[in-house]
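Residue-level listing of the chains:
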Amino acid sequence: MSTSAQAMRSLQKIDSLSSQQIQHLIHRALQLKKGEICPQPLDVAPVVALAFLEPSTRTRFSFEIAALRLGFKTVQFIGDSSTSMVKGESLHETLQTLIAMRPDLLVVRHNGGSDIDKLISGCGLAVINAGNGSEEHPTQALLDGATIFERRGQIEGEKIVFVGDVEHSRVARSGRILFQKMGAEVAICAPDELLPTTPDWSKSRRFSTIEEALSWSSVCIGLRIQRERHASKASLSQAEYVKKFRLDKTNLVALRGDAIFMHPGPFVDGVDLNHDVLSDSRCAVHEQVTNGVYMRMAVMGEIFGISYS
Ligand code: NCD
């Protein structure tokens, strides 16, 4: 089964994918991981522009490694002091300039709001959204779906809880759409200050304590407090947050033995997760990173109609 060329020319929102397409991408990513299939290089290597106008470690390198493994070429644009942004060029004009160079694929992360989203979606290039503000992060949702499927053997029927800064999390926003589409139940657990106020979350089950959330779930996904997106959350005390919502050895006792816990990273050690839980057999944090490369290969492979041997 293949996804339609039109739907996969770009990936800007997770909702643009059907459940069959999601299943197909998960299957392909896991086949790539197991070495069951091998991508065949194209005659002319596509040029992928990686435009990260917000900080990134995993997503940026993951896309670059995935592109190189497919035999593609990459160029990096990082909005730092080596670019004309330091001379005062706007984000809009900077992106317009990159678009005018016509890369074969634009992988873009930004926090510029709806005007920038409009510029990107109307640019006529193949585009992958690598994170836009608090809105969407579709490849993270796909790699998280692959990790859940790999560990738990299914997504349908899973009980998935996001813990932490749900309000500002594009990971949770895209994840909720994907997981529900695949038949999972999605809940949230957050301090009052970080509970989402947007309508997309209005029907989701809410837990007020982490122990209740952990004993309900088969998958727990911790989130970082995204202070860079807080307009005025001065009232949120870090000490209070750590006491009630940090994932650590003490509260993870409440999570079943066959459940898993994940985190998109980066995690702030001791605040949203304690590093000593990384060795817990239920922890899938580094598998998420590994799966990210294979998922991005699967997505870019689909966009360029790569064949496999
Ligand atoms: C996240 C992001 O940037 O959206 N990380 C990621 O892409 N793996 C989450 C975060 O920054 O907290």
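Keep in mind the model is a prediction, meaning the values are calculated, not measured.

**Looking at the nonpolar core**
- If you look at the biggest cluster of nonpolar residues, it comprises 85 residues, and the most contacted ones within it are L142, F162, F179 and M295.
- The dominant element in this core, judged by the number of residues it contributes, is helix 9 (residues 285-303), at 8 residues.
- Ignoring anything within four residues of it in the chain, the contact list for F162 reads V171, A172, G175, R176, F179, V186, A187, I188, C189, W201, I221 and L223.
- In this structure, A49, L119, C123 and L125 belong to the second largest nonpolar core, which totals 15 residues.

**Overview of unusual backbone geometry**
- Residues G265 and P266 are joined by a peptide bond in cis, for which omega reads -5°.
- Looking at the element boundaries, P266 is found in the loop between strand 9 (260-262) and helix 9.
- The phi dihedral of R102 falls on the positive side, at around 50°, and the residue is not glycine.
- Mapped onto the elements, R102 comes out in the loop between helix 3 (91-100) and strand 3 (105-110).
- The exposure class of R102 is partly exposed, given its relative accessible area of 47%.

**Details of the site of the ligand**
- Looking at the ligand, the residues that line it are R58, T59, R109, H137, Q140, R170, V171, R224, Q226, P264, G265 and P266.
- Between the ligand and the protein, one listed contact pairs an oxygen atom with a side-chain N or O atom of H137 at 2.8 Å.
- One nitrogen or oxygen atom from the side chain of Q140 is found 3.2 Å from a nitrogen atom belonging to the ligand.
- Here the ligand, which alone exposes 320 Å², has 94% of that area covered by the protein.
- When contributions to the shell around the ligand are tallied by element, the ones reaching two or more residues are helix 2 (58-69) and helix 6 (170-181).

**Regarding the sheet that holds strand 2 (residues 73-78)**
- The strand order across the open sheet built from 4 strands is 2-1-3-4, with neighbouring strands paired in parallel fashion. Of all the strands in the sheet, just strand 2 and strand 4 (126-132) have a single pairing partner and so form its edges. On average, each strand axis in the sheet is tilted by 15° relative to the strand beside it, whichever way the strands run.
- For strand 1 (residues 47-52) and strand 3, the ladder comprises 5 bridges, and the chain directions are parallel. Following the sheet pairing, A49 is matched in strand 3 by L106.
- Packing of helix 9 onto the sheet brings it into contact with strand 3 and strand 4, and relative to strand 4 it is tilted by some 150°.

**Here's the deal with the state of the cysteines**
- Scanning the model with the defined rule gives 0 disulfides in all.
- The thiol sulfur of C283 is not disulfide-bonded, and the nearest other cysteine sulfur, from C220, lies at 11 Å.
- Given the relative accessible area of 9%, C283 is considered buried.

**Digging into the pattern of salt bridges**
- Scanning the model with the defined rule gives 17 salt bridges in all.
- Among the ionic pairs, E150 bridges to K33, the shortest N-O distance being 2.9 Å. Remark: K33 occurs in helix 1 (residues 19-34) and E150 occurs in helix 5 (residues 138-152); sequence separation between them is 117 residues.
- The exposure class of E150 is partly exposed, given its relative accessible area of 34%.
- We classify K33 as partly exposed; its relative accessible area is 27%.

**Side note on the sheet that holds strand 7 (residues 205-207)**
- Reading across from one edge, 7-6-5-8-9 is the order of the 5 strands in this open sheet, with parallel pairing throughout. The outermost strands of the open sheet, each flanked by one partner alone, are strand 7 and strand 9. Within the sheet, the average angular offset between the axes of one strand and its neighbour, ignoring direction, is 25°.
- Across 3 bridges, the pairing between strand 6 (residues 185-189) and strand 7 is parallel. Bridged to C189 within strand 7 is F207.
- Across the sheet, helix 5 lies against strand 5 (159-163), strand 8 (219-222) and strand 9, angled at about 160° from strand 9, the strand it touches most.

**As for the packing of aromatic side chains**
- This model, assessed by the stated rule, comprises 5 aromatic pairs.
- Their ring planes at 80° and their centres at 6.2 Å tell us that F162 and W201 sit as a pair that is edge-to-face. Taken together, the residues span a long stretch of sequence, with F162 in strand 5 and W201 in the loop between strand 6 and strand 7 at a distance of 39 residues. There is no split in this pair, since F162 and W201 are both buried.

Rules of the game
- Residues numbered from 1 in each chain as written.
- Predicted model: local features only at pLDDT ≥ 70, side-chain atom pairs only at ≥ 80, totals over all residues.
- Heavy atoms only, no water.
- Core = buried A, V, L, I, M, F, W, Y, C linked by side-chain atoms within 4.5 Å.
- Buried < 20%, exposed > 50% of the residue type's maximum accessible area, 1.4 Å probe, protein only.
- Helix = DSSP H or I, 4+ residues; strand = E, 2+ residues; numbered from the N terminus.
- Contact = heavy atoms within 4.5 Å.
- Near = heavy atom within 4 Å.
- Polar contact = N/O pair within 3.5 Å; in protein donor to acceptor, adjacent residues only side chain to side chain.
- Areas by Shrake-Rupley, 256 points an atom, 1.4 Å probe, with all protein chains shown as cover.
- Pairing = 2+ DSSP bridges.
- Axes fitted to C-alpha atoms, helices over the stretch in contact; angles between N-to-C directions.
- Disulfide = S-S within 2.5 Å.
- Salt bridge = Lys/Arg side-chain N within 4 Å of Asp/Glu carboxyl O.
- Phe/Tyr/Trp six-rings, centres within 6.5 Å; stacked < 30°, edge-to-face > 60°.

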